[in-house]
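Chains, contacts and geometry: an overview
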Amino acid sequence: VQVVESGGALVQPGGSLTLSCVTSGIMFSIYTVDWHRQAPGKERELVATITPSRDTNYGDSVKGRFIVSRDNAKKTVYLQMTTLKSEDTAAYYCNAHRSSGEYYYDYWGNGTQVTVSS
């Protein structure tokens, strides 16, 4: 199983960026996928969630600015980020997970760095 994030970059405040999370080795369409982020010295924060039925949920700090979507054919989840702020600077991680009876399947990527700075 592989989970690979990409798209991180240095961007100016107010700018936009789209992250991608590509998976392989799992039946992607039945997994819930979360985006998390962690800035140095801070706790990990749940940013966005998308379920197999494409229900979405967002952290309060990104509501109205970020959009999460998925393309099951490409086994990919996207995080569109707009009106970026310096406080959005963090490593962003993708987490694909699902439960099946007593089993819990949980896969993480290695992250992609987003830096918002002028």
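Above this text you will find the structure in question.
Since the model is a prediction, treat every value here as computed from it, not as a measurement. (Residues numbered from 1 in each chain as written. Predicted model: local features only at pLDDT ≥ 70, side-chain atom pairs only at ≥ 80, totals over all residues. Heavy atoms only, no water.)

Our next topic: the overall build of the chain. Counting its secondary structure elements, the chain contains zero helices and 11 strands. In terms of overall dimensions, the chain is globule-like: its C-alpha atoms have a radius of gyration of 14 Å, near the 13 Å expected for 118 residues. Counting only C-alpha atoms, the chain reaches 45 × 30 × 25 Å along its principal axes. Here the contacts in the chain between residues at least 6 apart in sequence split such that 52% fall between residues at least 24 apart. Surface exposure of the chain reaches about 6400 Å², of which carbon and sulfur atoms provide 47%. When the 11 positive and 11 negative side-chain charges of the chain are each reduced to one mean point, those points stand 5 Å apart. (Helix = DSSP H or I, 4+ residues; strand = E, 2+ residues; numbered from the N terminus. Rg over C-alpha atoms; globule rule 2.2 N^0.38 Å. Contact = heavy atoms within 4.5 Å. Areas by Shrake-Rupley, 256 points an atom, 1.4 Å probe, with all protein chains shown as cover. Lys, Arg positive; Asp, Glu negative; His and termini not counted. Charge placed at Lys NZ, Arg CZ, Asp CG, Glu CD.)

Turning next to the packing of aromatic side chains. Counted by the stated rule, this structure contains one aromatic pair. Judged by centre distance (6.2 Å) and plane angle (45 degrees), the ring pair of Y31 and Y107 falls under tilted. Of the two residues, Y31 is situated in the loop between strand 3 (17-24) and strand 4 (32-38) and Y107 in strand 10 (residues 103-108); the sequence distance between them amounts to 76 residues. Among the residues examined, Y31 registers a relative accessible area of 4% and is labelled buried. For Y107, a relative accessible area of 24% puts it in the partly exposed group. (Phe/Tyr/Trp six-rings, centres within 6.5 Å; stacked < 30°, edge-to-face > 60°. Buried < 20%, exposed > 50% of the residue type's maximum accessible area, 1.4 Å probe, protein only.)

If you trace the four strands from one edge of the open sheet to the other, you get 1-3-8-7, paired in antiparallel fashion. At either end of the open sheet lies a strand with only one pairing partner, and these are strand 1 (2-6) and strand 7 (66-71). Across the sheet, the mean angle from the axis of one strand to that of its neighbour is 15 degrees, orientation sign disregarded. (Pairing = 2+ DSSP bridges. Axes fitted to C-alpha atoms, helices over the stretch in contact; angles between N-to-C directions.)

Just geometry here; none of it tells us what the structure is for.
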